[in-house]
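The primary structure of each chain is shown beneath.
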Amino acid sequence: RRIFEHYGSLANVLCAQLLPESPRNMLTKHHNDNVSVSKKRQWSDFFDVKNSDGDSLLAEKEDCKNQSEFIHYLNSTNSASLAEQFKFAKHLNEPFFWNISAYFYTRGTRHHAPALWAEYDDHSTCPSEVRIDEAAIIKTIALDVARTASGGILPLVTVHLRRGDALGICDTSIDTVVQRSKCAIFNSSLVSNKHPFTMLVFTDESDFAYLGGIRSALERNVPNVHRVLLGDNLIREALTNATKKKLFKGNPDNYLTYAVILSLRTEAAALDIDFDRHEKCASRDQKLNSKHCPL
């Protein structure tokens, strides 16, 4: 999403649309059990890039003519040449591509920046703001899973445990997860109303002993918890059902699963407790070990 936010802003400045490589080419096997995503997967399955007028900045291949048909490829190496070519482009009255040489890397693989395809006339104006809107089906599935898990009435607490490439960076041992979760809940509004709640645990861990241990420990030690569920399995099942109903093309993958997880944590959780790999983990641990946490 950060890549599309960055290049979406550039496209917006140039009154252009993004024409990126396919998800199959850009999304690595590493995060998908060493399997390529489906050839049928489209970026619109995940999100759309829109400007402040609500117009999409994300183009699919079939939306544009073959690039070889275009006469005009405008190159830019600095802001001065960009300004001059922009003036020229506004008088073309025909489609063209901005030929801007830029790259980004995913796990050591170099990718070209999304092509910038434009078609406007001398009266075109460019809205100033860019936003990323998640696909409606992603949000729908997230809310459906949340309702199923909570029974439609109980508050939902989500716990995100990044384990695979974060071991040794952020402490996700069972005891630590329980203590940090208790602390976060103690400092939330869930304590004051003493209402039971459901906990959904999301993790890339596959070890059954760890998964069983974390569920059992949270259910035993966290006050007012009604039940603890492993959310990844619920979401994979929901995505499989959505695919059978032809709401998605191609088989479900880990990228779709994570998109739904992120939506659920953002939109449906009364409290989200995040054990990620980033430097904020250390400062969070220090805060949660303070006197404000009756561990």
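Along every chain, residues carry numbers that run from 1 in the direction the sequence is written. The model is predicted, so local features are restricted to residues of pLDDT at least 70 and side-chain atom pairs to those at 80 or more, both for listing and for counting; the totals for chains, interfaces and linings are taken over all residues. In computing side-chain values, all of the structure's heavy atoms are included and hydrogens and water are not.

Undergrad: I tried to follow the nonpolar core on my own but got confused; where do I start?
TA: Within soluble globular proteins, side chains that are nonpolar tend to cluster in buried spots. With 38 residues, the main nonpolar core has Phe4, Trp43, Phe46, Ile141 and Leu264 as its most contacted residues. Residue assignment for this core shows that the elements contributing at least two residues are helix H1 (2-13), strand S1 (16-19), strand S2 (47-51), helix H4 (136-150), strand S10 (197-203), helix H8 (231-244) and helix H9 (254-267). We call two residues in contact when some of their heavy atoms are within 4.5 Å. When sequence neighbours within four positions are dropped, the list of residues in contact with Phe4 reads Leu18, Pro20, Met26, Trp43, Phe47, Val49, Leu58 and Ile132. Phe197, Ile214, Val225 and Phe275 belong to the second largest nonpolar core, which has 23 residues in total. Take the buried residues of types Ala, Val, Leu, Ile, Met, Phe, Trp, Tyr and Cys, join any two whose side-chain atoms come within 4.5 Å, and each joined set is a nonpolar core. Categorising residues by exposure relies on relative accessible area from a 1.4 Å probe, with only protein chains included: less than 20% of the type maximum marks a residue as buried, more than 50% marks it as exposed, and the intermediate range marks it as partly exposed. Secondary structure counts use DSSP, requiring at least four H or I residues in a row for a helix and at least two E residues in a row for a strand, with both numbered from the N terminus.

Undergrad: Sorry if this is basic, but what is going on with the side chain of Glu205 here?
TA: Note that Glu205 resides in the loop between S10 and helix H7 (208-221). The term polar contact refers here to a pair of N or O atoms within 3.5 Å; inside protein, the definition further demands a hydrogen-donor-capable atom paired with an acceptor-capable atom, and it admits residues adjacent in sequence only when both atoms are side-chain atoms. A polar atom in the side chain of Glu205 sits 3.0 Å from the backbone nitrogen of Asp207.

Undergrad: I keep staring at unusual backbone geometry and nothing clicks. Help me out?
TA: Excluding glycine, residues mostly carry a negative phi; peptide bonds, for their part, are mostly trans. A positive phi is found at Asn224, a non-glycine position, where the angle reads about 70 degrees. Note on placement: Asn224 falls in the loop between H7 and strand S11 (225-230). The partly exposed category is assigned to Asn224, whose relative accessible area is 36%. At Lys246, a residue that is not glycine, the phi angle is positive and equals roughly 65 degrees. Owing to a relative accessible area of 73%, Lys246 belongs among the exposed residues under this scheme.

Undergrad: How do you make sense of the packing of H4 against H8 when you look at a structure like this?
TA: Packed helices, taken two at a time, are described by the angle their axes make and the gap between the axes. Axes here mean lines fitted to C-alpha atoms, for a helix over just the part in contact, with angles spanning 0 to 180 degrees between N-to-C directions. Interaxial distance between H4 and H8 falls to 10 Å at its minimum, and their mutual angle equals 130 degrees. Taken together, the axes of H4 and H8 are oblique relative to one another. Helix-helix and strand crossings are classified by hand; for H4 and H8 the assignment is right-handed. Across the interface between the two elements, Ile141, Val145 and Ala149 of H4 pack against Leu234, Ile235, Ala238, Leu239 and Ala242 of H8. Side-chain classes are defined by residue name, with Ala, Val, Leu, Ile, Met, Phe, Trp, Tyr, Cys and Pro counting as nonpolar, Asp, Glu, Lys and Arg as charged, and the others, Gly among them, as polar. Per-class residue counts for the contact of H4 with H8 are eight nonpolar, no polar and no charged. When describing relative orientation, an angle under 35 degrees is termed roughly parallel and one over 145 degrees roughly antiparallel, while 65 to 115 degrees is termed roughly perpendicular and anything else oblique. Crossings are classed by handedness, with left-handed meaning an anticlockwise turn of the near helix from the far one by less than a right angle and right-handed meaning a clockwise turn.

Undergrad: In this structure, what is going on with the packing of H4 against H9? I would like to understand it.
TA: Direction vectors running N to C along H4 and H9 enclose 65 degrees, while the axes themselves pass 8 Å from each other. In this structure, H4 meets H9 at a crossing whose hand is right-handed. In contact with Ile138, Lys139, Ile141, Ala142, Leu143, Val145 and Ala146 of H4, H9 contributes Leu256, Ala259, Val260, Ser263, Leu264 and Glu267. The residue inventory of the contact of H4 with H9, partitioned by class, reads ten nonpolar, one polar and two charged.

Undergrad: Could you clarify how one ought to interpret the environment of Thr172 in this entry?
TA: On the secondary structure map, Thr172 appears in the loop between strand S9 (156-161) and helix H5 (174-186). Residue Thr172 is classed as buried on the basis of its relative accessible area, which comes to 2%. Separated by eleven residues in the primary sequence, Thr172 and Leu161 place their C-alpha atoms 6.7 Å from one another. Among the polar contacts made by the side chain of Thr172, one reaches the side chain of Arg163 at a distance of 3.0 Å.

Undergrad: I keep staring at the pairing of S2 and nothing clicks. Help me out?
TA: Side chains Phe47, Val49 and Asn51 project from S2 onto a buried face, and the interleaved Asp48 and Lys50 project onto a face without burial. Here the rule is simple: two strands pair whenever DSSP picks up at least two bridges between them. Direction of pairing for S2 relative to strand S8 (residues 130-134): antiparallel, over a ladder of five bridges. Residue pairing in the sheet places Asp48 in a bridge with Asp133 of S8.

Undergrad: How should I be thinking about the sheet that holds S10 in this particular structure?
TA: Note on sheets: strands pair through backbone hydrogen bonds, and any given pair is parallel or antiparallel. Ordered in space as S11-S10-S9-S12, the four strands form an open sheet in which the pairing is parallel. Looking at the sheet topology across the chains shown, the edges are occupied by S11 and strand S12 (271-275). Sheet twist, expressed as the mean angle between neighbouring strand axes with direction ignored, is 15 degrees. Those strands touched by H8 are S10 and S11, and its axis lies near 80 degrees from that of S10.

Undergrad: Sorry, what's going on with H7 here?
TA: Helical periodicity: at 3.6 residues per turn, an α-helix aligns residues three or four positions apart in one direction. In this scheme, a helix's expected span is set at 1.5 Å multiplied by one less than its residue total. In this model H7 runs 20 Å from its N-terminal to its C-terminal C-alpha over 14 residues, within 8% of the 20 Å that 1.5 Å per residue would give. Of the residues making up H7, those classed as buried are Tyr210, Leu211, Ile214, Ala217 and Leu218. Projected onto a plane normal to the axis of H7, the buried residues spread over an arc of 140 degrees and lie on a single side. Across from the buried face of H7, at angles greater than 90 degrees, the exposed residues are Phe208, Ala209 and Arg220. Where H7 is buried, its residues touch S9, H5, S10 and S11. An arc is given here, and it is the one of the directions from the helix axis to the C-beta atoms.

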